[in-house]
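Here's the letter readout for the chains.
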Amino acid sequence: MLRFILNLLWLVFGGGFVLALGYGLAALICFVLVVTIPFGVASLRLASYALWPFGRTLVPKPGAGIASGLANVLWVLLAGWWLALSHIVAGVGLCVSIIGIPFGVANFKLVPAALWPLGQEVVDTP
């Protein structure tokens, strides 16, 4: 029940809805540019994770090969570093107040996802 309440508060006050819209828009752009469809799929995964982060975590996808690793290098150079940096800055800003600490931690959880999204999957935590 606590995860649900935190996710609901994150969705409304923590910026989860705005983050999900941003990642969703990036996914649409990637789908239009046909060559970048794998990045669009990763962006949709990030949108889902940014929308509802509490009670979920990232794990390596079994069977992810060298192609996803090489694509991640390209992702980091083009988009990942500034996405990760924005999550770090937002997380530090939210951790200034006691009420914002859970939302800051959620932003810090999104840093590895924003930096290295391919070859990862979002799973529910027990």
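The structure we're discussing is the one just above.
Small disclaimer: the values here were computed from a predicted structure and weren't measured.

A. Local environment of the nonpolar core. Ranked by size, the top nonpolar core spans 21 residues in total, and within it W10, Y23, F39 and L83 carry the most contacts. Of all the elements in the fold, those that place two or more residues in this core are α2 (16-32), α3 (37-51), α4 (66-94) and α5 (101-115). The element best represented in this core is α3, accounting for 6 residues. Every residue in contact with W10, bar those within four places of it in the chain, is listed here: G15, G16, L19, A50, L51, P53, F54, F103, A106, N107 and L110.

B. Structural context of the environment of Q120. Of note, Q120 is situated in strand β2 (residues 120-124). Of the residues examined, Q120 reaches a relative accessible area of 17% and is grouped as buried. Distance in space between the C-alpha atoms of Q120 and S68 is 9.4 Å, their sequence separation being 52 residues. Aside from chain neighbours lying at most four places away, what touches Q120 is R45, L58, V59, P60 and K61.

C. A look at the side chain of N107. By secondary structure assignment, the location of N107 is in helix α5. The class for N107 is buried, based on a relative accessible area of 3%.

Calculation criteria
- Residues numbered from 1 in each chain as written.
- Predicted model: local features only at pLDDT ≥ 70, side-chain atom pairs only at ≥ 80, totals over all residues.
- Heavy atoms only, no water.
- Core = buried A, V, L, I, M, F, W, Y, C linked by side-chain atoms within 4.5 Å.
- Buried < 20%, exposed > 50% of the residue type's maximum accessible area, 1.4 Å probe, protein only.
- Helix = DSSP H or I, 4+ residues; strand = E, 2+ residues; numbered from the N terminus.
- Contact = heavy atoms within 4.5 Å.

From the geometry alone we can't say anything about function, so treat these as descriptive.
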